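# Descriptive structure summary
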Amino acid sequence: VLENLYYDFDKANIRPDAALVLDKLVNAMRDNPTMKVELSSHTDSRGSDKYNMRLSDRRAKSALEYVVSRGIERSRIVAKGYGESRLINACRNGVKCTAAEHQANRRTEVEVLAY
């Protein structure tokens, strides 16, 4: 089971803590050469819906490029941004939330599609 990757506000770069999670994914994919995954990236609710879709796409591509740069074939990974459409808490537009609550939504989840 892999943890989610998290991002700083308005950023798509891979943080050191996220790199550790992605390194575990790379190792799992090396050990399981038929494994395919989806990297689904999300944002918090701040910013416009359109902007957040673009930001989540950039986050998904960032995670994809990190894994590919470690030798995993691009064809084994689906990278998709969902913007703010899949919030994991009540921090929707207009709702006052803490920094930690917003952080929880700024994530990339790893889902195994084939094993």
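An account of the accompanying structure is given in this report. Just so you know, these numbers come straight off a predicted model, no measurement behind them. Within each chain, residue numbers correspond to sequence positions counted from 1 in written order. Per-residue local features of the predicted model are confined to residues with pLDDT of at least 70, and side-chain atom pairs are confined, for both listing and counting, to 80 or more; whole-chain, interface and lining totals are unaffected and use all residues. Note: side-chain values were computed over all heavy atoms of the structure, leaving out hydrogens and water.

All right, on to the pattern of salt bridges then. Side chains bearing opposite charge may pair, as long as their charged atoms lie close to each other. Think of a salt bridge as a Lys or Arg side-chain nitrogen and an Asp or Glu carboxyl oxygen that are within 4 Å of each other. Taken as a whole and assessed by the stated rule, the structure comprises seven salt bridges. Lys24 is the salt-bridge partner of Glu3, the closest N and O atoms lying 3.8 Å from each other. Separated by 21 residues along the polypeptide, Glu3 in the segment before strand 1 (5–6) and Lys24 in helix 1 (residues 16–31) bring together distant segments of the chain. Residues Asp8 and Arg15 are paired through a salt bridge, measuring 2.9 Å at the closest nitrogen-oxygen approach. The way it works is that DSSP assigns letters per residue, a run of H or I at least four long becomes a helix, a run of E at least two long becomes a strand, and they are numbered from the N terminus.

Peptide bonds are, in most cases, trans, and in most cases residues other than glycine have a negative phi. Its identity as a non-glycine residue notwithstanding, Asp10 has a phi of 60°, on the positive side. Structurally, Asp10 is set in the loop between strand 1 and helix 1. Accessibility expressed as a relative area gives 34% for Asp10, which makes it partly exposed. Type-normalised accessible area, obtained with a 1.4 Å probe on protein chains alone, sets the label of each residue: buried when under 20%, exposed when over 50%, and partly exposed for intermediate values.

Moving on, we get to the sheet that holds strand 2 (residues 36–41). Pairing is mixed across the open sheet formed by four strands, whose spatial order is 1-4-2-3. Edge positions in the open sheet fall to strand 1 and strand 3 (77–81), since each of these has one partner strand only. Strands are treated as partners if at least two bridges between them are detected by DSSP. As paired strands, strand 2 and strand 3 are joined by five bridges and run parallel to one another. Bridging from a neighbouring strand, Ser40 pairs with Lys80 of strand 3. Only heavy atoms matter for contacts: two residues are in contact if any of them lie within 4.5 Å across the pair. Only the stretch in contact is used when fitting a helix axis, every axis being a line fitted to C-alpha atoms; angles between N-to-C directions are given from 0 to 180 degrees. Of the strands in this sheet, strand 1, strand 2, strand 3 and strand 4 (107–114) are in contact with helix 2 (residues 49–69), which crosses strand 3 at around 160°.

Now for the nonpolar core. Counting residues in hydrophobic clusters, the biggest one holds 19 residues, and the most contacted among them are Leu5, Leu22, Leu25, Met29, Val67 and Ile77. Contributing elements (two or more residues each) for this core: helix 1, strand 2 and helix 2. Among all residues touching Met29, those that are not within four sequence positions of it are Met35, Val37, Val67, Ile72, Arg76 and Ile77. Here, nonpolar core refers to any group of buried Ala, Val, Leu, Ile, Met, Phe, Trp, Tyr and Cys residues whose side-chain atoms link them within 4.5 Å.

Don't take any of this as a statement about function, it's just geometry.
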